[in-house]
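Okay, here's what each chain looks like letter by letter:
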Amino acid sequence: HRVVMDLRYIVRDDNSTFYAALASILKADGWKRLKPDSTRFHLMLGDRNRLPYHRLGSFNTSHTRQVVNYYRGNHRLARKAPMLELLRRLPAFCKLHTWLPASFCVRGKHGNDERALVIAQQESRERVWIAKPSLGGKGAGILINDDLEQLLVDIDQTELLYVVCEYIDRPLLLDGQRKFDIRLWVVLDTNFQGWLYREGVLRTTSKPYDTTDFEDVVKHLTNHCIQEELAPEFGQLVDGNEMFFSEFAGWLKEHHQVNFEQQIMPQMAKIVHYCFESLRPFSELSAHAAYQSFQLFGFDFLLDSDYNVWLVEVNGGPAVAEKLRADMAQDVYQEIVAPAFHTSPGLPHRPSQLVPVLEFVPSHEQLGERLD
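Owing to the predicted nature of the structure, the values given are computational and were not obtained by experimental measurement. (Residues numbered from 1 in each chain as written. Predicted model: local features only at pLDDT ≥ 70, side-chain atom pairs only at ≥ 80, totals over all residues. Heavy atoms only, no water.)

**Topic: the sheet that holds strand E7 (residues 143–145)**
Keep this limit in mind: A pair of strands is considered paired only if DSSP assigns at least 2 bridges between the two. Numbering of helices and strands starts at the N terminus; helices are DSSP runs of H or I of at least 4 residues and strands are runs of E of at least 2. Angles here are taken between N-to-C directions and fall from 0 to 180 degrees, while the axes themselves are lines fitted to C-alpha atoms, restricted in helices to the stretch in contact. Contact definition: two residues touch when any of their heavy atoms are within 4.5 Å.
On the basis of which strands lie adjacent, the open sheet formed by 4 strands has the order E5-E8-E6-E7 and antiparallel pairing. Every other strand in the sheet has two partners, leaving strand E5 (103–107) and E7 as the edge strands with one partner each. Strand-to-strand, the axes of this sheet are offset by a mean angle of 25°, without reference to chain direction. Pairing of E5 with strand E8 (residues 161–166), which is carried by 5 bridges, proceeds in the antiparallel orientation. Its bridge partner lying in E8, Ser 103 is registered against Cys 165. With respect to the sheet, helix H5 (residues 148–155) is in contact with E5, strand E6 (129–133), E7 and E8, its orientation differing from that of E7 by roughly 160°.

Structure, rendered in structure tokens:
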């Protein structure tokens, strides 16, 4: 039987299309929407940059606690330099070097940084480097160069903190020699357990990959905003430069005899698991905390020509492909939000595409103890 409660929510972020979709589902299931400044809510869909964590918990009952859609401290994973610092804390058996490209923090104008370590890496073996502003997004400010000296000069033209990473210069390529990255959506629930969404998307370039030309970023960066703005060819080969997992799995099997579910998804899930466990000491809430959190993350990966998965970055407030948005929002409500209030949705139950991350991670590779 369904437990019926007078549940209320507020929306403080009008820019998120995903949380707008989730709000529509709440309304359809009988939740009451209050004004954004109300404190008498059960669920806040807030702006992650302006969340009043210290004021949450004022409307708790004996059965429920207020819930907010972001974890405090999520920036440690969702910003590039803090993420690097966070992941370096992982124990050696996690083999960070096998799934995170060699990475270093370098600050413009010769601030305190790790440029000597980058130079030492280059002296040991020639390689290509990619530099991204720690606080950047949508491809802004990214530099790619096989001339490290010039790359450092370019960084020093700014006062920004960059994360300089070894460039994965032998990526697996799609038809037409196009580069791609993989976006996997993952939800961290109120119990700090990860759930991955089975259907994800590949974002592709519009031009063939070319290691002799790093100036034309359209050949290297898959960000939609860059491709749409700079590539007249955008969307000509595939609609929106996107290929979904269901289609990619068939292509991978046909052209490379690789099973996506058995060989690629477990690699991504293990990386997600390690990332969340590294975040746990900073963000996990105790059973006695004044409020609860959940959060949708977007994990971006590259797949190299040997079918190894590499973590590129993590987005703490990701956009969701329009094709998937409504179904994903309903699954998040059904599997994550409603259980947090000990209620079951009144909407028709549907098979969910959310799967526990640990279902893909062998027990011997799981981090069974909290990291300190």
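**Focus on the side chain of Arg 178**
Short version of the rule: Polar contact criterion, stated in full: a pair of N or O atoms within 3.5 Å, where within protein one must be able to donate a hydrogen and the other to accept it, and residues adjacent in sequence count only if both atoms are side-chain atoms.
Here Arg 178 is to be found in the loop between E8 and strand E9 (180–188). Within the structure, the side chain of Arg 178 is placed 2.9 Å from the backbone oxygen of Asp 175, a separation counted as a polar contact. Of the polar contacts made by the side chain of Arg 178, one reaches the side chain of Thr 204; its length is 3.4 Å. Setting aside residues no more than four positions away along its own chain, Arg 178 makes contact with Leu 173, Thr 204, Thr 205, Lys 207, Leu 237 and Val 238.

**Here's the deal with the pattern of salt bridges**
Where charged atoms from two side chains of opposite charge approach closely, those side chains can pair. Filter applied, for reference: The rule for a salt bridge is simple: a side-chain nitrogen of Lys or Arg has to be within 4 Å of a carboxyl oxygen of Asp or Glu. Note on exposure labels: buried denotes an accessible area under 20% of the residue type's maximum, exposed denotes more than 50%, and partly exposed covers the range between, all computed with a 1.4 Å probe on protein chains only.
Enumeration over the complete set of coordinates arrives at 22 salt bridges. Between Glu 261 and Arg 198 there is a salt bridge, with its nearest N and O atoms 2.8 Å apart. You can see Glu 261 sitting in helix H8 (residues 260–283) and its partner Arg 198 sitting in the loop between strand E10 (194–197) and strand E11 (201–204), a full 63 residues away along the chain. Glu 261 sits in the partly exposed class, given a relative accessible area of 34%. Three or more residues joined by partner-sharing salt bridges are found here, namely Asp 181, Arg 183, Arg 203 and Asp 300.

**A closer look at a negative patch on the surface**
Put simply, the test is: Note on patches: the residues involved have over 30% relative accessible area and no salt bridge, like charges join within 9 Å, and the nonpolar side chains Val, Leu, Ile, Met, Phe, Trp and Tyr join within 5 Å. The Shrake-Rupley method, run with a 1.4 Å probe, gives the accessible areas here. Residue values count only the displayed protein chains as cover. Charge assignment in this entry is limited to Lys and Arg as positive and Asp and Glu as negative, and neither His nor the chain termini are counted. Lysine's charge is taken at NZ, arginine's at CZ, aspartate's at CG and glutamate's at CD.
Together, Glu 126, Asp 146, Asp 147 and Glu 149 make up a negatively charged patch on the protein surface. Within the element layout of this structure, Asp 147 appears in the loop between E7 and H5.

**Things to note about the nonpolar core**
Filter applied, for reference: The term nonpolar core refers to a set of buried residues drawn from Ala, Val, Leu, Ile, Met, Phe, Trp, Tyr and Cys, joined through side-chain atoms within 4.5 Å.
With 64 residues, the main nonpolar core has Leu 77, Phe 248, Met 268, Phe 299, Phe 301 and Leu 311 as its most contacted residues. Only helix H3 (80–87), E8, E9, helix H7 (245–256), H8, strand E14 (295–303) and strand E15 (309–315) provide two or more residues apiece to this core. If you tally residues by element for this core, the top one is H8, at 11 residues. Beyond its immediate sequence surroundings of up to four residues, Phe 248 is in contact with Leu 174, Phe 180, Leu 202, Met 243, Phe 260 and Leu 303. Grouped together as the second largest cluster of nonpolar side chains are 45 residues, Tyr 9, Val 68, Phe 294 and Val 320 included.

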